[in-house]
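Chain by chain, the residues run as shown.
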Amino acid sequence: MGRLRRLSISVLLVVLCVTVLLSGCSRTPYSEEPSSETVNSAVGSSSNSPTSSESVGMPNGTAFFKLISTKVYEDYEANYSGNSKLERNIELIYGQASCPNFAVGNSNAETAGCEIIAVYNALRLCGFEATCSGVIRDFEKNGYLMAAGHFGSNPYLIKDYFENKRNHPITQYADFSSMTKDVTDNIYDKRVYIASFWNSNVISDGFHTVAFYTDKGSIYILNLGINDIKLTMKSRMEAFVKEERFIVGYWIPVKESD
């Protein structure tokens, strides 16, 4: 699901050692919905569902991500200058493959930009003004990238972005059950969320982060697959995130009117 951020052999060996030390990994069996629908919100269609395989514990704590986080990407102003020239009027990003060739650290948005894209989409859905180049610069400047962008961004620092850079308190879900309960309880209301989860039960397949919103009994997901050009619609969160692959999630309240 989404793009795969493949770890180098040396980093993977370190990660595996850390995984043994981490606790709190769910092993609950998963049953995927038999079908899903896509919604014509822009153009085209694509749906990407998690693959089924034997459940194994996956790291879902902050220590794993701190291991490969970059303190600050020093060339953030150079990237911002180049990225600003690529800006166009983008309301929402349905699939990251359709992004302009934005630089993200030493990588790019199509390869490793899903956390940034999820944040950008959530900002727009919640009524904030935002540009892709501006969000990228904030992530680079404030040390949110991992391995200078090669492994995307630290999903646990999304809360820091909203609360310290946007002065907008959000709710963080450390476990799958609390997030799915909140999503289910509010599925008939318009609420905006972000969720991060592993692409498979193999760490080296990387992880993905998406923004989605609930409304009138359905869930509408952006960038579930990197080539998507529409929203993907599901009836429940368990249809696109397996419990044992869940990393962290957020509810982002809509911006209050000025």
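Residues numbered from 1 in each chain as written. Predicted model: local features only at pLDDT ≥ 70, side-chain atom pairs only at ≥ 80, totals over all residues. Heavy atoms only, no water.

Let us look at the side chain of His-168. By secondary structure assignment, the location of His-168 is in the loop between helix H7 (158-165) and strand S4 (171-173). Taking relative accessible area as the criterion, His-168 reaches 10% and is therefore assigned buried. The residues contacting His-168, other than those within four sequence positions of it, are Phe-128, Phe-162, Glu-163, Ile-252, Pro-253, Val-254 and Lys-255. (Helix = DSSP H or I, 4+ residues; strand = E, 2+ residues; numbered from the N terminus. Buried < 20%, exposed > 50% of the residue type's maximum accessible area, 1.4 Å probe, protein only. Contact = heavy atoms within 4.5 Å.)

Attention now moves to helix H8 (residues 176-185). All of the buried residues in H8 are Phe-176, Met-179, Thr-180, Asp-182 and Val-183. Looking straight down H8, one finds its buried side chains confined to an arc of 160°; they lie on one side. Residues of H8 that are exposed and point more than 90 degrees away from the buried face comprise Lys-181 and Asp-185. Of the surrounding elements, those touching the buried residues of H8 are S4, strand S5 (191-198), strand S6 (207-215), strand S7 (218-222) and strand S9 (246-252). (Arc of directions from axis to C-beta.)

Attention shifts here to the pairing of S5. Of all eight residues in S5, eight are buried, a share of seventy percent or more. Sheet topology places S5 next to S6; eight bridges connect them, and they run antiparallel. Directly across from Arg-191, in S6, lies its bridge partner Thr-214. As judged from the six bridges shared by S5 and S9, these two strands associate in the antiparallel manner. Residue pairing in the sheet places Tyr-193 in a bridge with Trp-251 of S9. (Pairing = 2+ DSSP bridges.)

Attention now moves to the packing of aromatic side chains. Summed over the entire model, instances satisfying the criterion amount to 13 aromatic pairs. Ring plane angle 45° and centroid distance 5.6 Å describe the contact between Phe-139 and Tyr-161, whose orientation is recorded as tilted. Placement of Phe-139 in helix H6 (residues 132-141) and of Tyr-161 in helix H7 is noted, with a sequence separation of 22 residues between them. Pair check on accessibility: Phe-139 and Tyr-161 agree, each one buried. Centre to centre, the rings of Tyr-193 and Phe-212 are 5.3 Å apart; their planes meet at 15°, and the pair counts as stacked. Residue Tyr-193 is found in strand S5, and its partner Phe-212 is found in strand S6; the two are separated by 19 residues along the sequence. You can call Phe-212 buried: its relative accessible area is 0%. In this structure, Lys-190 packs its charged tip against the face of Tyr-213, placed 4.9 Å from the ring centre. (Phe/Tyr/Trp six-rings, centres within 6.5 Å; stacked < 30°, edge-to-face > 60°. Lys NZ or Arg CZ within 6 Å of the ring centre and 35° of its normal.)

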